Amino acid sequence: MPAKRDGFTSTFGVLLATLGSAVGLGNIWKFPSLTGLNGGAGFLLVYLLATLLVALPVMIVETMLGRAARANAITTFEQVAPRSQWWWKSIGWMGFLAALLIMAFYSDVAGWVYAYIFKAISGEISTTDPKVAAEVFGKLVSNPLSSLLWQWVVLVVTGSIIMLGVSKGIEAVARKLMPLLFILLLVLCARSLTLPGATQGLVFLFSPDFAKITPAVMLTALGLAFFKLSIGMGTMLTYGSYFREDQNIPLTATRVMFADLSISLLAGIAIFPAVFALGFEPAAGPSLVFMTIPAVFTSIPGGTVFMTIFFVLTAIASVGAILSLLEVPVAILSERFGLGRKRASVFTILAIGLMGVPAALSQSLTAELKIFGMNPFDLFDFLSSNVLLPLGGILICLFVGWVYGLPQLEKQLSNDGKLHNQALIRTVYFLIRYVTPLSIAAVLLHGLKVF
Ligand code: PHE
């Protein structure tokens, strides 16, 4: 059954496809809003550490497992784990659940991006006035019908892409357009940095106030690191299953990590100087990007055109990430339940459509529906990024470090001895055996106030 899987045709193609999953609303929307909400530089610092010391090793071994087994997130553990240890399969099931939870709010935000394409064209968001910007955003998200409709547009678009079997083609387009997004971000940074009063934004972003680094902040940063690199839930595992035998996995993962980080940082530099220069609120949360990015564009000649292109590119980037999210449940349903890709896709989209309703209504009808003090949108985000992905990360590390073992790890990560990276492999082994799972566990328990 797994023998007939598609694969990527070139090693560079693998790199770009993996980047296509990593780069998305996480860079443009989630990173800036969380950085703003959690006090700026201190959060950024923890996020950087979490990415380097925790997320990168997990990414390497998760991808490796996928390539070794060439199967979906559940079948993989059946193939590589002894039969008696059935519990490793829970990684796949948690990933399945995480994919649905993430999609429930991610499709909502993607819907806002689609809506903003039209608002950019109409000129409605061409303003540098925080009040007007907040009004426009508020009007969009507090209207239950428009929130739901935009979310469904996203689900229909991405669902059709999967059903028509053109996801590879779309991903290819998305990748080609990524450099353009990068350039637009550079333009935004240049403008934002030259606004009078911009330095305060740089101070906010780069000069840490250590008192602001609480356990909850650390957990959020860790969750973001997992979310950003699409790890801990089987996405990278599924992608690894399409990797080439001669792909240098540690190198690819490191490159993806750096590329992904630079895009997030550019988004941060485009946003925070403008936030302070134009009088926005850094802790605005999910609305931050939708208010400040248009404001920066408005201060550029020809801004409306650029703004439109920017939201189109962000929408396309979100499609790349969404396709990789959908891949987890679709691969599990079709390969394990023999559903066929079409039916598996329909089923997945319908499930997300249902779960997405309370998320999409979180700024209107379900705003007061608080569970653990969070509305459904925040709850889904919290449960997936801050609980399920780190848990999945711990299990993946424990599995590779204690069951899979060093000899196999060496064989896989060195491509059967063809790469001379023994020292690196041993470092990864040491990290995932002790350091990574222990630090995730500490941050998780501390952040959830278990101790
Ligand atoms: N990494 C993607 C982003 O930042 C989101 C994602 C998370 C994709 C988990 C797949 C799996 O937008």
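Residues numbered from 1 in each chain as written. Predicted model: local features only at pLDDT ≥ 70, side-chain atom pairs only at ≥ 80, totals over all residues. Heavy atoms only, no water.

(A) Representation of the site of the ligand within the structure. Neighbouring the ligand are 14 residues; Ala22, Gly26, Tyr106, Phe227 and Lys228 lie closest to it. Ser21 is positioned such that a nitrogen or oxygen atom in its backbone is 3.4 Å from a nitrogen atom of the ligand. Within the contact set of the ligand, an oxygen atom lies 3.2 Å away from a backbone nitrogen or oxygen of Leu25. Summarising the interface, the protein chains cover 100% of the accessible area of the ligand, which totals 330 Å² for the free molecule. Elements supplying a minimum of two residues to the shell around the ligand: α1 (11-22), α2 (25-37), α10 (215-228) and α14 (303-337). Of the residues forming the shell around the ligand, the biggest block, 3 residues, is contributed by α14. Within the shell around the ligand, the residues separate by chemical class into 7 nonpolar, 6 polar and 1 charged. (Near = heavy atom within 4 Å. Polar contact = N/O pair within 3.5 Å; in protein donor to acceptor, adjacent residues only side chain to side chain. Areas by Shrake-Rupley, 256 points an atom, 1.4 Å probe, with all protein chains shown as cover. Helix = DSSP H or I, 4+ residues; strand = E, 2+ residues; numbered from the N terminus. Nonpolar A, V, L, I, M, F, W, Y, C, P; charged D, E, K, R; others polar.)

(B) Highlighting the environment of Glu245. Assignment of secondary structure puts Glu245 in the loop between α11 (235-240) and α12 (249-278). Placed 177 residues apart in sequence, Glu245 and Ala68 show a C-alpha to C-alpha distance of 9.1 Å. Leave out the neighbours within four places in its chain, and Glu245 touches Arg67, Arg70 and Asn415. Looking at Glu245, its side chain comes within polar contact range of the side chain of Arg70, at 2.9 Å. (Contact = heavy atoms within 4.5 Å.)

(C) Up close: the nonpolar core. Counting residues in hydrophobic clusters, the biggest one holds 153 residues, and the most contacted among them are Phe310 and Phe311. Setting aside chain neighbours within four positions, we find Phe311 in contact with Val113, Tyr116, Ile117, Ala120, Ile125, Phe290, Ile293 and Pro294. (Core = buried A, V, L, I, M, F, W, Y, C linked by side-chain atoms within 4.5 Å. Buried < 20%, exposed > 50% of the residue type's maximum accessible area, 1.4 Å probe, protein only.)

(D) View of the packing of aromatic side chains. Enumeration over the complete set of coordinates arrives at 26 aromatic pairs. Between Phe290 and Phe311 the ring centres are 6.4 Å apart and the planes differ by 10 degrees, which places this aromatic pair in the stacked class. Remark: Phe311 occurs in helix α14 and Phe290 occurs in helix α13 (residues 288-298); sequence separation between them is 21 residues. Side by side, Phe290 and Phe311 carry an identical accessibility label, which is buried. On the numbers, 5.7 Å between centres and 55 degrees between planes, the contact of Phe430 with Tyr434 is tilted. With Phe430 and Tyr434 both in helix α18 (residues 422-447), this residue pair falls 4 residues apart, about one helical turn. According to the relative accessible area criterion, Phe430 is partly exposed, its value standing at 47%. We classify Tyr434 as partly exposed; its relative accessible area is 35%. Through pairs of rings, three or more aromatic residues link up here, namely Trp29, Phe105, Tyr106, Trp112, Tyr116, Phe137, Phe227, Phe290, Phe297, Phe310, Phe311 and Phe377. Seen from the ring of Trp402, Arg433 lies directly overhead, with NZ or CZ sitting 3.6 Å from the centre. (Phe/Tyr/Trp six-rings, centres within 6.5 Å; stacked < 30°, edge-to-face > 60°. Lys NZ or Arg CZ within 6 Å of the ring centre and 35° of its normal.)

(E) Here's a closer look at α2. The largest bend in α2 is about 30 degrees, located at Phe31, with the proline Pro32 one to four residues further on. Across the 13 residues that make up α2, a large majority, 12, are buried. Restricting attention to buried positions, one finds in α2 the residues Leu25, Gly26, Asn27, Ile28, Trp29, Lys30, Phe31, Pro32, Ser33, Leu34, Thr35 and Gly36. Just past α2, the residue Gly39 takes up positive phi, approximately 90 degrees. (Bend = angle between axes of the 7 residues up to and from the residue.)

(F) Region of the structure containing the confidence of the model for the protein chain. The share of residues in the protein chain with pLDDT of 70 or more is 98%, and the mean pLDDT across the chain is 93. Per-element confidence in the protein chain ranges from a low mean pLDDT of 85 for helix α4 (residues 75-80) to a high of 98 for α2. (pLDDT = per-residue confidence, 0-100.)

(G) Seen up close, the pattern of salt bridges. In the structure shown here, the tally under the stated rule is 11 salt bridges. Among the ionic pairs, Asp381 bridges to Lys30, the shortest N-O distance being 2.9 Å. In this pair, Asp381 is assigned in helix α16 (residues 376-404) and Lys30 in helix α2, connecting sequence segments 351 residues apart. Judged on exposure class, the residue Asp381 and its partner Lys30 are both buried. In this structure, the salt-bridge partner of Glu410 is Arg426, at a minimum N-O distance of 3.2 Å. Taken together, the positions of Glu410 in helix α17 (residues 406-413) and Arg426 in helix α18 put the pair 16 residues apart, joining distant regions of the chain. (Salt bridge = Lys/Arg side-chain N within 4 Å of Asp/Glu carboxyl O.)

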